[in-house]
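Fold and contact review
Okay, here's what each chain looks like letter by letter:
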Amino acid sequence: MAGEVGLNVLQISLPADCTEDEVTDEVLKLNEDPKVHGLVLHLPTALLSGRVLNSISPEKDVQGVTDVNLGKLVRGDLEDSFAPPIARVVMELLEQHGLLAEGKTALILGNSGALEVALQCLIQRRGMLVLTSGWKVASLQKQVQQTDVVVLTSEGPLEFLPGWLRPGAVVIDCGSAHFSERSDGPVTHGGATPRVGSVDSLAAALRMQNVVRSACRWLRQQRYRPWRLRSLTLQPLSPVPSDIEISRSQSPKAIELLAREVGLLPDEIEAHGKTKAKVRLSLLDRLKEQPDGKYVLVAGITPTPLGEGKSTVTVGLAQALTAHLKLNSFACLRQPSQGPTFGVKGGAAGGGYAQVIPMEEFNLHLTGDIHAITAANNLVAAAIDARVLHEATQSDKALYGRLVPTVNGLRKFSPIQTARLRKLGIDKTEPGALTPEEIRSFVRLDIDPSGITWQRVVDTNDRFLRKITIGQASTEKGQARQAQFDIAVASEVMAILALTDGLRDMKERFSRMVVGSSRTGRPVTAQDLGVSGALAILMKDAIKPTLMQTLEGTPVFVHAGPFANIAHGNSSVLADKLALKLVGEEGFVVTEAGFGADIGMEKFFNIKCRTSGLRPNVVVLVATVRALKMHGGGPKVSAGAPLPQEYVDENLQLVADGCSNLRKQIEIAQLFGVPVVVAVNVFRTDTEAEIDLVCRIARDSGASDAVACYHWSRGGRGCVELARAVRKAAQQPNHFRFLYDLQMPIVEKIRTIAQKVYGADDVEVSQEAQAKIDNYNEQGFGNLPICMAKTHLSLSHLPDWKGVPTGFLLPIRDVRASIGAGFIYPLVGTMSTMPGLPTRPCFYDMDLDPDTEQIAGLF
């Protein structure tokens, strides 16, 4: 019958002696198979336990036997549940013969189970009186004599039943119809009882109808679904408590609930505890036809060492859009590095009443992505030095024998070795067919130790790892060399994670990573080392963005965490793409670029947007009165030290002078043709006059609007005016453009950024940097975008030069290449890729209560 209507049926026959566990395991596998839309158990009664029945996914329970489906049936939720097909057959037959009428009586005779419960609910809902009974009840004859309809749900001593029926009573026999291949269906008793039709064939048809309904539901689930988000209520206190106290005062929604509210399917998330979950990239394929929402970038003016609250504004804006303006929105943030968290800056979950929660989980480890990056990066480093050692101490024959060993009498190339052969132009697949010259070419990478550009990483600020000597043990046979550690978030693996658009692309990028040069000047890649497949394995879970929530229950994606001063400084392309699909065409995705607009925003446009193909609708430029006072000539600000009085007292002149930096950052944003809204992140020491002055100057400088924001003390409610301004600006025409053409020479691209963005007169390229540029051009890497590694504390290369520096040459002391990530990064001035700890790091204030396991001192 299924074949006739076009259904595919798979019959799985289990051994006669199978156990409950084996049945359950088989059911769970079928639950996970998206090609299976219905599941029927035809098993001995002994195996049909509650545990086995309830192992069936309710969405695939076309027999209607799980507690979930029965519960929905009892509740009356017929559209969202499956009733047992036999129960529906009984209802169909009673309907056809006019027997469903108020005042009539039905007796359900048989065992107590799912079928009996379903029948009782369905018949009672039609106004009939329903009696239930077993075969051995003493009053059975009396009950039968009082009923209009008898439904037999199991076999019993039928020989004495006919004489009990009153005239006109109908008997429907379901006892043999559960799974039988053929049956006579309902039987007549006593000659006077009418036959009302066949049960088994109709039950089979309705069972198949349930499969079709299940498939239709599945198809509907694949489409975009409107959000049903419940916001969490905030009760802000004054004075504002510490960040960690505020975070703990709110009870976050279960992550499965949040996922369901924003339209994620159960099989699209992988929960990590109760408050965070990885989101699978299959979502992009499911919603590929769904139009993207509005794309908002949060950047900032040149900050003080204290930071100016871009993450806080990002969270506050998302809370305002969703909890208060009732618009779908997602915040997309970077995962914080452990270095700053324990060093000087603290965490990056936002602050006050605009935070991602739980903030401890956000700031510490999260789902282990940075640890995976560290492991992948250092695997490459280990592979480089091991290869140099082995090539230096073995003959071509010995190397070939170990690289392509005979295993169980069979010798063959691995897939990654076959790829290397193709790269070398060797079109052979049999290891024994290579000539001595081809063998030498295959086994010798001939890495120049002085040309190794790949560094080890650790996610800790450790200044003493900036220059080290490795290979000093006697076992390394004289292969000592100078090397260094970078902070983990500066790794090219991190940059690739942030820029990739999927697993296949990530694998290809890993294979292209250049780790050094051979003695003849050829680039050596991770694929040449044979390690790129292993890197993909280490990163297969890290590629999935992590779903969390704000204090007001607004969804957040946390993914990737490259620094903006030594990397490109933006959260992942994948997080933004997933969020843009989920929010819907009228929704908003608010993503953040690190540090000032001259660094994070410039790289967002010239690197991230080139890679993703996405175009932002609005730039939100965050400014603070204290930072503007610093740019106006105020005294130096240091983390951990009290603010000088100039930053506490009203000083309109300092603010006005410092707005030169704000004007410059607005000008930088306008270079890319995107509307700008200025968000003044208000601190309690700011005065109304200072705030009004900043807003007026911002509008006069070309900003679409400028708004004071109080999200830190009020949550999303304090950011509603900014949300309205952003919504309005997003409707404006967008004339997005890149700053430079990729075909320009490397030095000219660097010069364009230096002059148009930083305001430099020109660039000063060192001999070492020029030699590397020439080498990259020879290797074919001249058409990549530029990722400047520069201090974030000034538009220039000098951290103490505030405001808008002019009349300077930008020194390019070194140039490196991240070929897998897809950019060239010049090092400006004395920029270091490994931060150090201050005299008094943040960890002095951190502690753990051994009884409650609560963390203290994290901010």
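Residues numbered from 1 in each chain as written. Predicted model: local features only at pLDDT ≥ 70, side-chain atom pairs only at ≥ 80, totals over all residues. Heavy atoms only, no water.

**Quick word on the overall build of the protein chain**
When its secondary structure is counted, the protein chain shows 31 helices and 29 strands. Along the first, second and third principal axes, the C-alpha atoms of the protein chain reach 110 × 80 × 55 Å. The buried share of the protein chain, taken over its 859 residues, is 55%. Considering only contacts in the protein chain between residues 6 or more positions apart, those separated by 24 or more positions represent 72%. Seen as two clouds, the 91 positive and the 93 negative side-chain charges of the protein chain have centres 2 Å apart. (Helix = DSSP H or I, 4+ residues; strand = E, 2+ residues; numbered from the N terminus. Buried < 20%, exposed > 50% of the residue type's maximum accessible area, 1.4 Å probe, protein only. Contact = heavy atoms within 4.5 Å. Lys, Arg positive; Asp, Glu negative; His and termini not counted. Charge placed at Lys NZ, Arg CZ, Asp CG, Glu CD.)

**As for helix α4 (residues 67-75)**
Of the residues making up α4, those classed as buried are Asn69, Leu70, Lys72 and Leu73. The buried residues of α4 all sit within an arc of 160° when viewed along its axis, so they share a single face. Turned more than 90 degrees away from the buried face of α4 sit Asp67 and Arg75, all of them exposed. Contact partners of the buried residues in α4: α6 (114-124). (Arc of directions from axis to C-beta.)

**Let's talk about the sheet that holds strand β25 (residues 762-765)**
Sheet architecture is open: three strands sit in the order β25-β26-β27, paired in mixed fashion. Strand pairing shows two members of the sheet lacking a second neighbour, β25 and β27 (823-828), which therefore form its edges. Put simply, the sheet's adjacent strands are angled 50° from each other on average, direction ignored. In this sheet, β27 lies alongside strand β26 (residues 809-818) in antiparallel orientation, the contact comprising six bridges. Bridged to Asp814 within β27 is Leu827. (Pairing = 2+ DSSP bridges. Axes fitted to C-alpha atoms, helices over the stretch in contact; angles between N-to-C directions.)

**Digging into the environment of Val388**
Residue placement: Val388 occurs in helix α15 (residues 369-393). Taking the C-alpha atoms as reference points, Val388 and Asp448, separated by 60 residues in sequence, lie 8.4 Å from one another. Excluding its chain neighbours within four sequence positions, the residues that come into contact with Val388 are Ile447 and Gln479.

**Quick word on the packing of aromatic side chains**
Going through the model one piece at a time under the given rule, you end up with 13 aromatic pairs. Seen from their ring centres, Phe604 and Phe605 are 5.5 Å apart, and the 70° between their planes marks the pair as edge-to-face. Each member of the pair Phe604 and Phe605 is classed as buried. What links up through ring pairs into an aromatic cluster is the set Tyr295, Phe604, Phe605, Phe672, Phe736 and Phe738. The ring centre of Tyr710 lies 4.4 Å from the NZ or CZ of Arg714, which sits over that ring. Stacked on the ring of Tyr758, the Lys or Arg Lys790 has its end atom at 4.7 Å from the ring centre. (Phe/Tyr/Trp six-rings, centres within 6.5 Å; stacked < 30°, edge-to-face > 60°. Lys NZ or Arg CZ within 6 Å of the ring centre and 35° of its normal.)

**Thoughts on the environment of Gln549**
Tracing the backbone through its elements, the reader meets Gln549 in strand β19 (residues 546-550). With relative accessibility at 0%, the residue Gln549 sits in the buried group. The contact partners of Gln549, leaving out residues within four places of it in the chain, are Leu232, Pro252, Lys253, Leu258, Gln355, Val356, Ile357, Thr554, Pro555 and Val556. Within the local environment of Gln549, its side chain forms a polar contact with the backbone oxygen of Lys253, the two atoms lying 2.9 Å apart. (Polar contact = N/O pair within 3.5 Å; in protein donor to acceptor, adjacent residues only side chain to side chain.)

**A look at the packing of helix α26 (residues 652-670) against helix α27 (residues 688-700)**
Two numbers describe a pair of packed helices, the interaxial angle and the distance between the axes. Relative orientation of the contacting elements α26 and α27 amounts to 30°, with a least axis distance of 10 Å. Helix-helix and strand crossings are classified by hand; for α26 and α27 the assignment is right-handed. For the pair α26 and α27, the contacting residues are Leu652, Val655, Ala656, Cys659, Leu662, Arg663 and Ile666 in the first and Ala689, Glu690, Leu693, Val694, Ile697 and Ala698 in the second. For the contact of α26 with α27, the residue count by class is eleven nonpolar, no polar and two charged. (Left-handed = near helix turned anticlockwise from the far one by under 90°. Nonpolar A, V, L, I, M, F, W, Y, C, P; charged D, E, K, R; others polar.)

**Some words on a nonpolar patch on the surface**
Together, Leu10, Ile12 and Leu14 make up a nonpolar patch on the protein surface, roughly 270 Å² of accessible area in all. Its place among the elements puts Leu14 in the loop between α1 (2-5) and α2 (20-32). The partly exposed category is assigned to Leu14, whose relative accessible area is 31%. (Patch = residues over 30% accessible without salt bridge, like charges linked within 9 Å, V, L, I, M, F, W, Y side chains within 5 Å. Areas by Shrake-Rupley, 256 points an atom, 1.4 Å probe, with all protein chains shown as cover. Salt bridge = Lys/Arg side-chain N within 4 Å of Asp/Glu carboxyl O.)

**Remarks on the nonpolar core**
One finds Met539, Phe557, Met601, Phe605, Leu662, Val678 and Leu810 to be the most contacted residues of the largest nonpolar core, which totals 140 residues. A per-element tally of this core places α15 first, with nine residues. Residues within four places of Val678 in sequence aside, it is in contact with Leu621, Leu662, Ile666, Ala698, Ala703, Asp705, Ala706 and Val707. Judged by nonpolar contacts, the second largest core, of 29 residues, contains Met128, Val130, Val151 and Ala203. (Core = buried A, V, L, I, M, F, W, Y, C linked by side-chain atoms within 4.5 Å.)

**Describing the sheet that holds strand β4 (residues 170-173)**
Spatially, four strands are ordered β2-β1-β3-β4 in an open sheet, and the strand pairing comes out parallel. Across the chains shown, the open sheet's two edge strands, defined by having one partner strand only, are β2 (129-133) and β4. The average angle at which neighbouring strand axes cross in this sheet is 20°, direction not considered. Relative to β2, strand β1 (residues 105-109) runs parallel, the two sharing five bridges. Paired with Leu107 across the bridge in β2 is Leu131.

**Looking at unusual backbone geometry**
Backbone torsion omega between Ser238 and Pro239 reads 0°, so that peptide bond is classified as cis. With respect to the helices, strands and loops of the structure, Pro239 is situated in the loop between α8 (200-222) and α9 (243-249). Here Ile357 and Pro358 are connected by a cis peptide whose omega angle stands at -10°. One non-glycine residue, Asn408, lies in positive phi territory at about 55°. Take Asn408: it is sitting in the loop between β11 (406-407) and β12 (410-411).

**A word on the pairing of β19**
By the criterion of burial, β19 is predominantly enclosed, with five of the five residues buried. As paired elements, strand β6 (residues 277-279) and β19 share two bridges and run antiparallel to each other. Residue pairing across strands places Ala277 opposite Leu547, the latter belonging to β19. Bridging between β19 and strand β20 (residues 555-558) involves four bridges; their strand directions are antiparallel. Each residue of the ladder has a partner; that of Met548, found in β20, is Val556.

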